[in-house]
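# Examining the three-dimensional arrangement
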Amino acid sequence: MHAVPAPLTEKPVVLVCDDDITIRLMMRETLEREVITVIEAADGRQALEMYKQHSPDLVLLDVSMPHFSGYEVCEVIRQSPLGADVPVVMVTSSDDLSSINRAYESGATDFLAKPITWQILGQRVRYMLRASRAFRDLKRNEERLKRNEEHLKQNEERLRVLAYFDNLTGLPNRQMFNEDLQRSIAQAKREGLKAALLFIDLDQFKRFNDTLGHAFGDKLLNRVAEQLKTRLRPGDLLTRGVDRLEDMSLARLGGDEFTICLTQVAQNEDVARVASRVIESISQPMVVDSYEVVVTPSIGIAIYPDDGDEIDSLLKNADTAMYNAKAKGRGRFQFYSGEMNARALQRLRMENELRKAIDNNELRVAYQPKVDVQQRKIIGVEALVRWEHPKQGIVSPAEFIPLAEESGLIVDIDNWVLHKACHQASEWLNMGITCPVAVNVSALNFKKTNLVERIKTALREADLPASLLELEMTESIVMSDIELNTERLTQLKEMGTSISIDDFGTGYSSLSYLRRLPIDQVKIDRSFVNEIDCNNEDMAIVKAIIAMSTTLKMEVIAEGVETTTQTEKLSKAGCHRLQGFLYAKPMPAKFATETLLAGFDALPAAKKLATATSN
Ligand SMILES: Nc1nc2c(ncn2[C@@H]2O[C@@H]3COP(=O)(O)O[C@H]4[C@@H](O)[C@H](n5cnc6c(=O)[nH]c(N)nc65)O[C@@H]4COP(=O)(O)O[C@H]3[C@H]2O)c(=O)[nH]1
């Protein structure tokens, strides 16, 4: 059984369009019997006018008429604003397939073939009218539903904002903070990393509120929130350590209490850096209602899992730490654990001092000679940075280089050493000493896109031929992104500098990659050299590295040579290039110049070596 469309309640209007008056009259007669209002048009132009004026519920259109054909009229109707859904029945004088197809192409709903069977016309039109009205109702309902849905969504969003955001500052509220912290804890647990909770309280906020009023207090809180939002974007935190803190969420718990939740925390220094950044940014003078105010925050820090493994304990401990910070004099941060605090503070202090070390002229370069024991020659020097701390004296690179790498300061330091070393080598060249100088290139520096440019600048400024500059980088740097690094190394090589792989044997070099890279020299790591006197395994590794370098036509040098036995063993295995305390320790430029002028045979070890090898 067919579904019957709903009965028509209002009297429908049908536009009959035919140039044959008899047909029009017959149609009127038939349709009016069905309680339908009929309006007529004698040609295409009139049909369009009538359509525009009356918006009929159905159109009966003769195909061939003066002015416009029925097809054209149908096309125009379909393009009109309300004409997409109105049923248009094309009355064709023939029922051949092409005119029927043409009728459908122009947008007709159905067709009626002449001669018309008058007995069924009325019923057919009625049925079509009902179906069309049902379709229109359905569409209207659908639109209403859609509008309701949108409304619902908007309401839901409004509710979510009310439930999860603080309406004064627009920051996430306590509810959202709880969920964020829960997520951070779960993530840290999964990844075996730490998470940190920073509890921020504004110092003496109550005083502002009491003296300048609540409205002022609200504005001040808003300014603080703004400051935190803009200054804590991950992109703003340029240093390497902080870049790793990809997920950082900020919230206002209420009053003058804010929190920051950090995930993917590898080390506490990263958290200390964020905390000092928060202090620095909030403590900037702010103008509120034409008052210039300075408000400082006190921050308490609790670390998951060290200081608690659930929301409550972390919050409680961060809160305790915050009170400790306040007690110590406001505008500072404090870790919950005292030991952690001392370490983080010490590292942060050192980082700040290192930042100023270049400008304060506290850095020095020491040069350590490298020798070839077969040719009995000094073949070059390695430039090694030294920090003469005004209070602590000489700080070991082992202590400050990792810190410089974490904070990103290494790029400036490496650059400074590069310039110094190039100038020194150039000075030696002017004195008639041709001595290649090697500088260390840290991972961060190697990744910087302008490395090639910077090296070119240093060479140009020092007027040093590129062939006298050697770049030392560790095996792990070179092997990290082989495609990109091959390109980078090729650029450096094309410039004329030579490339040496430092600490060789400690990483995981693949022979097939090594073959593809433009490397001139590998440096056997000190840890293997150390042990070759007594450890057969290390000797085997050293021999393998020497054999591999010979096959790949690379030079090989051993670092950390301290004894004549090591020299003999290395030499016997085919490695004659050596660097180590046995020959010379890193020394200031002045002594390095003297050493270079005196030559290999003046080195104390050279004499010992001659005796040892002659025995
Ligand atoms: N025990 C022992 N040690 C020896 C001997 N011969 C040389 N050494 C030490 O071994 C290190 C060799 O440098 P490295 O492997 O590049 O290792 C360097 C290098 O990775 C880094 N470094 C030093 N200067 C710079 C620099 O300007 N830039 C960068 N990125 N890193 C640097 O710091 C590391 C340590 O530097 P230093 O303390 O100067 O330590 C130097 C040198 O003093 C020996 O016979 N016995």
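Let me begin by describing the structure that accompanies this report. Bear in mind that the values here come from a model prediction, so they are computed numbers and not experimental data.

### A closer look at the sheet that holds strand β11 (residues 297–304)
- Reading across the sheet, the five strands line up as β7-β8-β6-β11-β12 and stay open at both edges, with mixed pairing between neighbours. Unpaired on one side and paired on the other, β7 (248–254) and β12 (333–335) mark the two borders of the sheet. Taking each pair of neighbouring strands and ignoring which way they run, the sheet shows an average axis angle of 20°.
- Pairing analysis gives seven bridges linking strand β6 (residues 194–202) to strand β8 (residues 257–265), with the strands arranged antiparallel. Following the sheet pairing, Phe 199 is matched in β8 by Thr 259.
- The strands touched by helix α6 (residues 174–191) within the sheet are β6, β7, β8 and β11, with β8 carrying the most contacts at an inclination of about 20°.

### Description of the environment of Met 176
- On the secondary structure map, Met 176 appears in helix α6.
- Here the alpha-carbon distance between Met 176 and Leu 250, two residues 74 residues apart in the chain, equals 9.8 Å.
- Setting aside its immediate chain neighbours within four residues, Met 176 contacts Tyr 164 and Phe 165.

### Things to note about the site of the ligand
- With respect to spatial proximity, 22 residues lie near the ligand, and among them Arg 386, Asp 414, Arg 526, Glu 562 and Phe 581 are the closest.
- Between Asp 414 and the ligand, the recorded distance is 2.7 Å, taken from a side-chain N or O atom to a nitrogen atom.
- Note that an oxygen atom of the ligand is positioned 2.5 Å from one of the side-chain N or O atoms of Arg 526.
- Protein chains bury 83% of the 790 Å² of accessible surface belonging to the ligand in isolation.
- Contributions of two or more residues to the shell around the ligand are made by β14 (377–389), α13 (397–407), α14 (410–430) and β18 (498–504).
- Among the elements that take part in the shell around the ligand, β14 stands out by supplying four residues, more than any other.
- The residue inventory of the shell around the ligand, partitioned by class, reads nine nonpolar, five polar and eight charged.

### Here's the deal with the sheet that holds strand β1 (residues 13–17)
- Ordered in space as β2-β1-β3-β4-β5, the five strands form an open sheet in which the pairing is parallel. Edge positions in the sheet fall to β2 (37–41) and β5 (110–113), since each has one partner strand and no second. In this sheet, adjacent strand axes meet at a mean angle of 20° when their direction is disregarded.
- With four bridges connecting them, strand β3 (residues 58–62) and strand β4 (residues 88–92) associate as parallel partners. Bridging from a neighbouring strand, Val 59 pairs with Val 88 of β4.
- On the sheet, helix α3 (residues 70–79) packs against β3 and β4 and is oriented at approximately 175° with respect to β4.
- The strands touched by helix α5 (residues 118–164) are β1, β3, β4 and β5; relative to β5, the strand with the most contacts, the crossing angle is about 175°.

### Focus on the packing of helix α12 (residues 338–357) against α13
- Contact pair α12 / α13: the axes reach a minimum separation of 10 Å and the direction vectors enclose 80°. It follows from the interaxial angle that α12 and α13 lie roughly perpendicular. Within the contact between the two elements, α12 uses Arg 347, Met 350, Glu 351 and Leu 354 and α13 uses Glu 399, Phe 400, Leu 403, Ala 404, Glu 406 and Ser 407.
- Broken down by class, the residue content of the contact of α12 with α13 amounts to five nonpolar, one polar and four charged.

### Considering the packing of aromatic side chains
- Counted by the stated rule, this structure contains five aromatic pairs.
- When the centroid spacing of 5.4 Å and the interplanar angle of 70° are considered together, the rings of Tyr 367 and Trp 428 count as edge-to-face. With a gap of 61 residues between them, Tyr 367 in strand β13 (residues 363–372) and Trp 428 in helix α14 connect regions that are remote in the sequence. Here the two residues Tyr 367 and Trp 428 agree in accessibility, since each one is buried.
- Look at Trp 387 and Phe 400: their rings are 5.6 Å apart centre to centre, the planes differ by 80°, and that puts the pair in the edge-to-face class.

### Thoughts on the nonpolar core
- By size, the foremost hydrophobic cluster in this structure holds 90 residues, and its most contacted members are Met 473, Leu 492, Ile 524 and Tyr 583.
- With ten residues, α14 is the single largest residue contributor to this core.
- Among the nonpolar cores identified, the runner-up in size contains 39 residues, and Leu 202, Leu 228, Val 271 and Ile 301 belong to it.

### Some details on the pattern of salt bridges
- Overall, the coordinates contain 31 salt bridges when judged by the stated rule.
- Where Arg 24 meets Glu 40, a salt bridge forms, and the shortest distance between an N and an O atom there is 2.9 Å. Of this pair, Arg 24 sits in helix α1 (residues 21–32) while Glu 40 sits in strand β2, placing them 16 residues apart in sequence.
- It is possible to trace a salt-bridge network through shared partners that takes in Lys 370, Glu 382, Glu 470, Glu 472, Lys 523 and Glu 559.

### Focus on the environment of Met 90
- Note that Met 90 resides in strand β4.
- What makes Met 90 buried here is its relative accessible area of 0%.
- Along the backbone, Met 90 and Ile 100 are ten residues apart, and their C-alpha atoms lie at a distance of 8.6 Å.
- For Met 90, the residues in contact, after removing those within four places along its chain, are Leu 61, Val 63, Gly 70, Tyr 71, Cys 74, Ala 103, Ser 106, Ala 108, Asp 110, Phe 111 and Leu 112.

### Here we look at the packing of α6 against helix α11 (residues 311–327)
- Close contact between α6 and α11 brings their axes to 10 Å; oriented N to C, the two are set at 110°. Here α6 is positioned roughly perpendicular relative to α11, judged by the angle of their axes. Where α6 approaches α11, its residues Arg 174, Phe 177, Asn 178, Leu 181, Gln 182 and Ile 185 are matched on the opposing element by Ile 311, Leu 314 and Leu 315.
- Residues that form the contact of α6 with α11 fall into these classes: six nonpolar, two polar and one charged.

### Details of the side chain of Thr 259
- Relative to the helices and strands, Thr 259 resides in strand β8.
- Of the residues examined, Thr 259 reaches a relative accessible area of 0% and is grouped as buried.
- When neighbours within four sequence positions are excluded, Thr 259 is seen to be in contact with Phe 177, Leu 197, Leu 198, Phe 199, Ser 249, Leu 250, Ala 251 and Leu 253.

### Thoughts on unusual backbone geometry
- With an omega dihedral of 0°, the bond running from Lys 114 to Pro 115 counts as a cis peptide bond.
- Relative to the assigned elements, Pro 115 resides in the loop between β5 and α5.
- Of the consecutive residues Tyr 304 and Pro 305, the connecting peptide bond is found in the cis state with omega at 5°.
- Position of Pro 305 among the secondary structure elements: in the loop between β11 and α11.
- Phi angles above zero are rare outside glycine, and Asp 463 is one such case at about 55°.
- Looking at the secondary structure, you find Asp 463 in the loop between α16 (451–462) and β17 (469–474).

Rules and cut-offs
Residues numbered from 1 in each chain as written. Predicted model: local features only at pLDDT ≥ 70, side-chain atom pairs only at ≥ 80, totals over all residues. Heavy atoms only, no water. Pairing = 2+ DSSP bridges. Helix = DSSP H or I, 4+ residues; strand = E, 2+ residues; numbered from the N terminus. Axes fitted to C-alpha atoms, helices over the stretch in contact; angles between N-to-C directions. Contact = heavy atoms within 4.5 Å. Near = heavy atom within 4 Å. Polar contact = N/O pair within 3.5 Å; in protein donor to acceptor, adjacent residues only side chain to side chain. Areas by Shrake-Rupley, 256 points an atom, 1.4 Å probe, with all protein chains shown as cover. Nonpolar A, V, L, I, M, F, W, Y, C, P; charged D, E, K, R; others polar. Parallel < 35°, antiparallel > 145°, perpendicular 65-115°, else oblique. Phe/Tyr/Trp six-rings, centres within 6.5 Å; stacked < 30°, edge-to-face > 60°. Buried < 20%, exposed > 50% of the residue type's maximum accessible area, 1.4 Å probe, protein only. Core = buried A, V, L, I, M, F, W, Y, C linked by side-chain atoms within 4.5 Å. Salt bridge = Lys/Arg side-chain N within 4 Å of Asp/Glu carboxyl O.

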